[in-house]
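Architecture at a glance
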Amino acid sequence: MKRSPENPERPPEAIEGESPILTPSEIGALSPRVPHRAEMLREAPKPVEARILDENGDSIAYFPEAIGEFSPETSIMKKRDHTKAPLIFKGRTKDGKVVLETEDGEGVTIAPRELEAGYERSRRVYSERTREGKEVKLDTEAVLRESAGFYAAHDLKDFLKELPKEVKLTAASEGQLREAMREGFDKAMLLPKTEVQSANIETIVSETATKEIPNLQPNEQYTTPSFESGTKTSQTRNRPKRKVYLLLYQSSPIPDETKGKSPDQLDPLFAQKKWNGLTLSEYMLLQRKEAEAAKDHRFDAYSDDAKKSQWTWLLDSRVPGGVVHARWNPGYRRVRVGWLEPGFSNARLGARPAVVVEVEV
Amino acid sequence: MKESPKFEDIVGKIERASDEAPERKEGAVSFSEKWASPEEGTEELYALWRDYQRKRSDLAKDYREKRAEPKNEKESPADRARRIRATVAADTKLAPLRTAISSRFKDDQVRSMFENTLERELAEEEKLAPSYDNYLREKQLKDGSEERRLELYSDIFSHREKEADELTLLELADLATRVRVSERSMQRMEREDPELSARLSFERLRTYREQLKKDGFIWTPSREKLFDKILEHLVIVNQNRPLLLYGETGTGKTRLARAVSQRLTDRAPFEVGEEAKTDIRPLLGLRSIDKDKETFVTYGPLGQAVTGKKTSRDAQAGPGGIFYMDEMNGYPPEGLRSLIKQLSGRRAGEEISFAAWAGNSEKLAPEFGFIGSANLPSEKHPDRAELPVEVARELGSLEVDYPPQSAENPELYEMMLAALMDQNERIRVPKSELPPEWKEVVDARTNTKHYEIDADPKAGGTLWRFAEFVAAVQKSYKGEENALTDTLRDASYLRHAVLDPGLVISWLQEYRKSAMRTHESLKGFLATKIGEWGSQKIYPEEDRNLLKKFQEAFQL
């Protein structure tokens, strides 16, 4: 800002080229509500040429550019034929051919029309049976799409930016996912790295615990949530550093075996079962997602009846000397988040388990 | 688009005015002696010009409507308009203004700057005309539906003795859909056209300025939303169930209740004066004895709202009105409990009686409504009194929060801009002192450049930083995370000090009226105000120190 050097308190002179008297539209444009038009840059960045070897060892030169909905490094597969291994879309050659990478790392080319008509983004649908014989299916592409839709609807722009184009899992992560599904973890959400979650905690709170849910009964609508001091800045534990992850959880109520136990007692139980607890951000997002879907707060509603109560420890959110807990308070119609000592237990207070699966980016 | 005068016409008129004005005498005052700068002279000329336009239009209206004119069948409408224009121009009431305008217009620098400003304004209007016309058409549709909606609501409100009929409810639902469709279409137009958006933003500020001047209250989107909810509560859903507005100190509950009453009944609410909150009975009425030893009841503010009468002797009852009870939780629980129980669920026209009326009974007035307010206890303020459970159960409740302030929803900042706008719809503060700072963000993938607001508390003009500062202070007072939480953790929360939007708006109005004319910078003025307010001994030392840290963080 320009100020007179002799007297910093004097109003600054008008900036050169700027008329000192504003027109009505210039006054209106002082409000940040007035959008700034995005501009096309005059000079497009020059495409960088890349190379890949085909099955004969010959080099294919290509430009890693998007074609239609496919951007470079997207995993794709033939439509209606999910038996074959997916291919990676790489870009286009100088003469317009589409370059793909096979499972063996070799380059192949196809015509653009063939790509458009015959290929789609790869979908991975995992299917497992629980010990009770119930089938659990998880479509990671659908999870990605639903999570992105949820973040877009709740103004979590930073979350959207962080999501990958597809959910890629290593063999170890796939194994972990399948094992969790066998344990009854039938729902999932894709979350950005925890640093982004912490930075957006205020938006998360206002978007997930204050805003009205359409078609929900008036006595189920949120009033102002209550947070005990320090809970919003609680420390997250047991999450991958700077990585996106899939959070698997159960649609069923909190397991009875976790109720009436203190965090000190729950930690070894969760370690033995290879479970994680929830964090505060995860709880806030899940309770909203589930309330929107179920049209009530059964996911986390407190009840005086210990069997029904869904009051939960957030075992992976800690404050100095305590563990965060949360619940939907039906009386006050609000989300209540507090913390208690790790030795505290209550028959109505359990712990919702989750499984964290790292995603390759 | 409203009819815009041609630039040549305006200048022509001023030039003629200037010719008619007496010649400037030798040694007349030149601009450098009269004004601090040519901008100031131009602003003055602009103000006079606006005044001239207003007066001329009033006179023309007066000629058209009130003054008897000789009938002339042969005169065409165009000739008649021309004749009226000439008559108005010759009216001596305009002479002093013409003289004042012409004397300023003779200064070359002022004249050139004035012409330039008008030219830019007219060019702006011309460019905007087609999209603005489309927008206005849609707005007209929406206003029509809204007007009808309010008419129906007011009708239901004042005839609450009977149920609203199904056709009316159906029409209300239909109107609500129409309003929503128009709103969506208007939002789309605004989003896609920055020029249109800027013009509409100006008009919004102008409306805010008018509201602030007229009622001291601005109907921002968040307050409109609250009004809709109050309307729904009082009129449709919970007829005559008292409504409690609750929220932190300084969120504007009282101002809102007064503005709602004004809008709904065209009158101020009946309010409790400065009486001590020890007894509810005087609010209802007191028994009086006249010189003939006859007894009657003199109704208190609540009694008047309920009955529409001043005393029990009044033969005719008025429509009653909204009764507003501030700090409801400060009243004795027993009295409050019995009062709310008696009032809750009553319909207009029903007989009602209270112990304070000494056996007298009255019909419940058609426009009676009960709005209370309270700062309820919270984790941060557990010392505040609770409302008795039986009372709380009978009340509808609505939370009132501070006006939002963020890049996406800058209500507080817009209220501040409106407070700085003068009667000529100008904001006479250098542009660089006002808005947030935008930074360029280049997206190499799409090869585009877009703009985002710089979130640094030290970025942007003084007014933007001030709005952000006030919002941070309010968050801190509410116990929410704020600009200092990352560094000060638990010490970032204020215990007693909070800036009320009404107070900061009054500071800016004061700046517009006086300080700006003395050339004090906005930053200097606000720094002094914040300093004086934040160092009051009524606030604990921790609060005073924390406020200084907020001031530093936002460079104010």
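Residues numbered from 1 in each chain as written. Chains lettered and ligands numbered in written order. Predicted model: local features only at pLDDT ≥ 70, side-chain atom pairs only at ≥ 80, totals over all residues.

Scanning chain B from terminus to terminus reveals 20 helices and 11 strands. Relative to its 556 residues, chain B shows a buried fraction of 35%. (Helix = DSSP H or I, 4+ residues; strand = E, 2+ residues; numbered from the N terminus. Buried ≥ 20, exposed ≤ 12 C-beta atoms within 10 Å, placed from the backbone.)

Here the focus is the overall build of chain A. What chain A contains, in helices and strands, is nine helices and 19 strands. Looking at chain A as a whole, 32% of its 361 residues qualify as buried.

Before going further, it helps to examine the sheet that holds strand β2 (residues 270-271) of chain B. Within a sheet, each strand pairs with its neighbour through backbone hydrogen bonds, oriented either parallel or antiparallel. Residue and element names in this part refer to chain B. Taken in spatial order, the five strands make up an open sheet running β2-β5-β8-β1-β9, and their pairing is parallel. Strands with a single pairing partner mark the edges of an open sheet, and in this sheet they are β2 and β9 (396-399). Note that strand β1 (residues 243-246) and strand β8 (residues 369-374) share four bridges and pair parallel. Within β8, the position partnered with tyrosine 246 by the bridge is alanine 374. Against the sheet, helix α10 (residues 253-265) touches β1, β5 (322-325) and β8, its axis set at about 175° to β5. (Pairing = 2+ DSSP bridges. Contact = placed C-beta atoms within 7 Å. Axes fitted to C-alpha atoms, helices over the stretch in contact; angles between N-to-C directions.)

Attention now moves to the packing of helix α15 (residues 411-420) of chain B against helix α18 (residues 501-513) of chain B. All names here are of chain B. Look at α15 against α18: their axes get within 8 Å of each other, and the N-to-C directions meet at 30°. In terms of orientation, α15 and α18 fall into the roughly parallel class. The element α15 and its partner α18 pack so that their crossing is right-handed. Where α15 approaches α18, its residues Leu412, Met415, Met416, Ala419 and Leu420 are matched on the opposing element by Pro501, Ile505, Leu508, Gln509 and Arg512. A breakdown of the residues in the contact of α15 with α18 according to their chemical character gives eight nonpolar, one polar and one charged. (Parallel < 35°, antiparallel > 145°, perpendicular 65-115°, else oblique. Left-handed = near helix turned anticlockwise from the far one by under 90°. Nonpolar A, V, L, I, M, F, W, Y, C, P; charged D, E, K, R; others polar.)

Before going further, it helps to examine the pairing of β8 of chain B. Strand residues, when the strand is regular, have side chains that alternate between the two faces of the sheet. Residue and element names in this part refer to chain B. By the criterion of burial, β8 is predominantly enclosed, with six of the six residues buried. Along β8, one buried face is formed by Gly369, Ile371 and Ser373 and the opposite face, lined by Phe370, Gly372 and Ala374, is buried too. Across four bridges, β5 lies against β8 in parallel orientation. Of the residues in β8, the one forming a bridge with tyrosine 324 is isoleucine 371.

Its identity as a non-glycine residue notwithstanding, asparagine 215 of chain A has a phi of 65°, on the positive side. You can see asparagine 215 of chain A is positioned in the loop between α7 (201-209) and β12 (226-227). Classification of asparagine 215 of chain A by C-beta neighbours within 10 Å gives exposed; the count is 7. Phi is positive for glutamine 555 of chain B, close to 50°, though the residue is something other than glycine.

Next up on the list: helix α6 (residues 108-158) of chain B. Residues and elements named next belong to chain B. With 51 residues, α6 ought to run about 75 Å at 1.5 Å a step, yet its terminal C-alpha atoms sit only 61 Å apart, falling short of that. Of all the bends in α6, the greatest reaches close to 60° and is centred on alanine 129; the proline proline 130 follows between one and four positions later. For α6, the set of buried residues is Val110, Arg111, Met113, Phe114, Thr117, Tyr132, Tyr135, Tyr153, Ile156 and Phe157. (Expected span 1.5 Å × (residues − 1). Bend = angle between axes of the 7 residues up to and from the residue.)

Residue and element names in this part refer to chain B. The predicted model of chain B has a mean per-residue pLDDT of 84, with 89% of residues at 70 or higher. Averaged pLDDT values over the elements of chain B bottom out at 46 in helix α1 (residues 7-20) and peak at 97 in α15. Taken as a whole, residues 1-8 scores under 50 in pLDDT and shows 10 contacts with residues more than four places along the chain or in a different chain. Note that pLDDT drops below 50 for residues 13-33; the model gives that stretch 21 contacts with residues more than four away or on any other chain. Confidence metrics for the complex model read pTM 0.60 and ipTM 0.78. (pLDDT = per-residue confidence, 0-100.)

All names here are of chain A. With antiparallel pairing, three strands are arranged side by side in an open sheet as β11-β14-β19. Here the strands that pair on one side only, and so sit at the sheet edges, are β11 (187-191) and β19 (354-358). Direction aside, neighbouring strands of the sheet carry axes that sit 25° apart on average. In this structure, β11 lies alongside strand β14 (residues 245-249), joined through five bridges in antiparallel fashion. Looking across to β14, one finds that leucine 191 is bridged to tyrosine 245. This element, helix α3 (residues 140-153), spans β11 and β14 of the sheet and lies at about 60° to β11. Across the sheet, helix α9 (residues 280-294) lies against β11, β14 and β19, angled at about 130° from β11, the strand it touches most.

Another point: the confidence of the model for chain A. Detail in the predicted coordinates should be disregarded across regions flagged by low pLDDT. Per-chain confidence: chain A averages 86 in pLDDT, with 90% of residues scoring 70 or above. Taken as a whole, residues 1-19 of chain A scores under 50 in pLDDT and shows 25 contacts with residues more than four places along the chain or in a different chain.

In this structure, Leu243, Met416, Leu417, Ala467, Val470 and Val473 of chain B are the most contacted members of the largest nonpolar core, which totals 114 residues. Here the element with the most residues in this core is helix α16 (residues 462-478) of chain B; it accounts for 10 residues. Contacts of methionine 416 of chain B, omitting those with residues within four sequence positions, involve Leu463, Phe466, Ala467, Ile505 and Leu508 of chain B. By size, the runner-up hydrophobic cluster in this structure holds 52 residues, among which are Phe185, Leu190, Val323 and Ala326 of chain A. (Core = buried A, V, L, I, M, F, W, Y, C linked by C-beta atoms within 7 Å.)

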